Amino acid sequence: ANMSVAADRISKEKRRACQHVRDQLIDCVAESPCGLEGGSIRECVRSGNIPEPCKLLRNNFFECMRAEIDPRSRMRGNRYNTHAEDADTKK
């Protein structure tokens, strides 16, 4: 039972870590023709019937999630996990 709780906590942390990219993807797909025609976000993304900017966000979300489990990113940090506000302060 403890393993399940720990795995659930890690899963929620990963979702939070890439939440900003996920939110951008959801907004993009919702405003796409597929989303406006009433298709669910999941259906639109899986069908690939989304505009190029949404496809780029989908890839960024995938890379962000993948980087969260990559042990090398522990030292470097997850480059996909930066907010726009944070990027301005790093310059």
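Residues numbered from 1 in each chain as written. Predicted model: local features only at pLDDT ≥ 70, side-chain atom pairs only at ≥ 80, totals over all residues. Heavy atoms only, no water.

Colleague: Just to check I follow, could you spell out the overall build of the protein for this structure?
Modeller: Helix and strand counts for the protein stand at 7 helices and 0 strands. Order of helices (α) and strands (β) in the protein, N terminus to C terminus: α-α-α-α-α-α-α. Across the 91 residues in the protein, those meeting the buried criterion constitute 23%. Taking the intrachain contacts of the protein between residues at least 6 apart in sequence as the baseline, contacts between residues at least 24 apart amount to 49%. (Helix = DSSP H or I, 4+ residues; strand = E, 2+ residues; numbered from the N terminus. Buried < 20%, exposed > 50% of the residue type's maximum accessible area, 1.4 Å probe, protein only. Contact = heavy atoms within 4.5 Å.)

Colleague: I'm lost on helix H5 (residues 52-69) in this one. Help?
Modeller: Since there are 3.6 residues in each turn of an α-helix, residues three or four apart along the chain are aligned in direction. Here H5 spans 26 Å end to end across 18 residues, near enough to the 26 Å set by a 1.5 Å rise per residue. Residues of H5 that are buried: Cys 54, Leu 57, Cys 64 and Ala 67. Projected onto a plane normal to the axis of H5, the buried residues spread over an arc of 145 degrees and lie on a single side. (Expected span 1.5 Å × (residues − 1). Arc of directions from axis to C-beta.)

Colleague: Would you mind showing me how to read the state of the cysteines here?
Modeller: The term disulfide refers to a covalent linkage connecting the sulfur atoms of a pair of cysteines. Counted by the stated rule, this structure contains 3 disulfides. One disulfide bridge connects Cys 28 with Cys 54, the sulfur atoms lying 1.9 Å from each other. Here Cys 28 and Cys 54 share a disulfide; its torsion about the S-S bond, -95 degrees, makes the bridge left-handed. Of this pair, Cys 28 sits in helix H2 (residues 19-30) while Cys 54 sits in helix H5, and the two are 26 residues apart along the sequence. Across a sulfur-sulfur distance of 2.1 Å, Cys 34 and Cys 44 are joined as a disulfide pair. Negative torsions about the S-S bond denote left-handed disulfides, and the value of about -90 degrees found for Cys 34 with Cys 44 makes this one left-handed. Note that Cys 34 is positioned in helix H3 (residues 33-36) and Cys 44 in helix H4 (residues 41-47), a separation of 10 residues in sequence. Since its relative accessible area comes to 11%, Cys 34 is described here as buried. (Disulfide = S-S within 2.5 Å.)

Colleague: Help me understand the packing of H2 against H5 in this model?
Modeller: Relative placement of two packed helices is described by the angle separating their axes and the distance separating the axes. Where H2 contacts H5, the two axes come as close as 9 Å, and the packing angle between them is 155 degrees. Relative to H5, the element H2 is oriented roughly antiparallel. With respect to the hand of their crossing, H2 and H5 are arranged in left-handed fashion. Taking contact as the criterion, the partners of Val 21, Arg 22, Gln 24, Leu 25, Cys 28 and Val 29 in H2 are, on H5, Pro 53, Cys 54, Leu 57, Arg 58, Asn 60 and Phe 61. Among the residues making up the contact of H2 with H5, the classes are represented as 8 nonpolar, 2 polar and 2 charged. (Axes fitted to C-alpha atoms, helices over the stretch in contact; angles between N-to-C directions. Parallel < 35°, antiparallel > 145°, perpendicular 65-115°, else oblique. Left-handed = near helix turned anticlockwise from the far one by under 90°. Nonpolar A, V, L, I, M, F, W, Y, C, P; charged D, E, K, R; others polar.)

Colleague: I'm lost on the nonpolar core in this one. Help?
Modeller: Side chains of nonpolar character tend, in soluble globular proteins, to be buried together. Core analysis: the biggest nonpolar cluster contains 9 residues, these being Leu 25, Cys 28, Val 29, Cys 34, Cys 44, Val 45, Ile 50, Cys 54 and Leu 57. Breaking this core down by element, the ones donating at least two residues are H2, H4 and H5. (Core = buried A, V, L, I, M, F, W, Y, C linked by side-chain atoms within 4.5 Å.)

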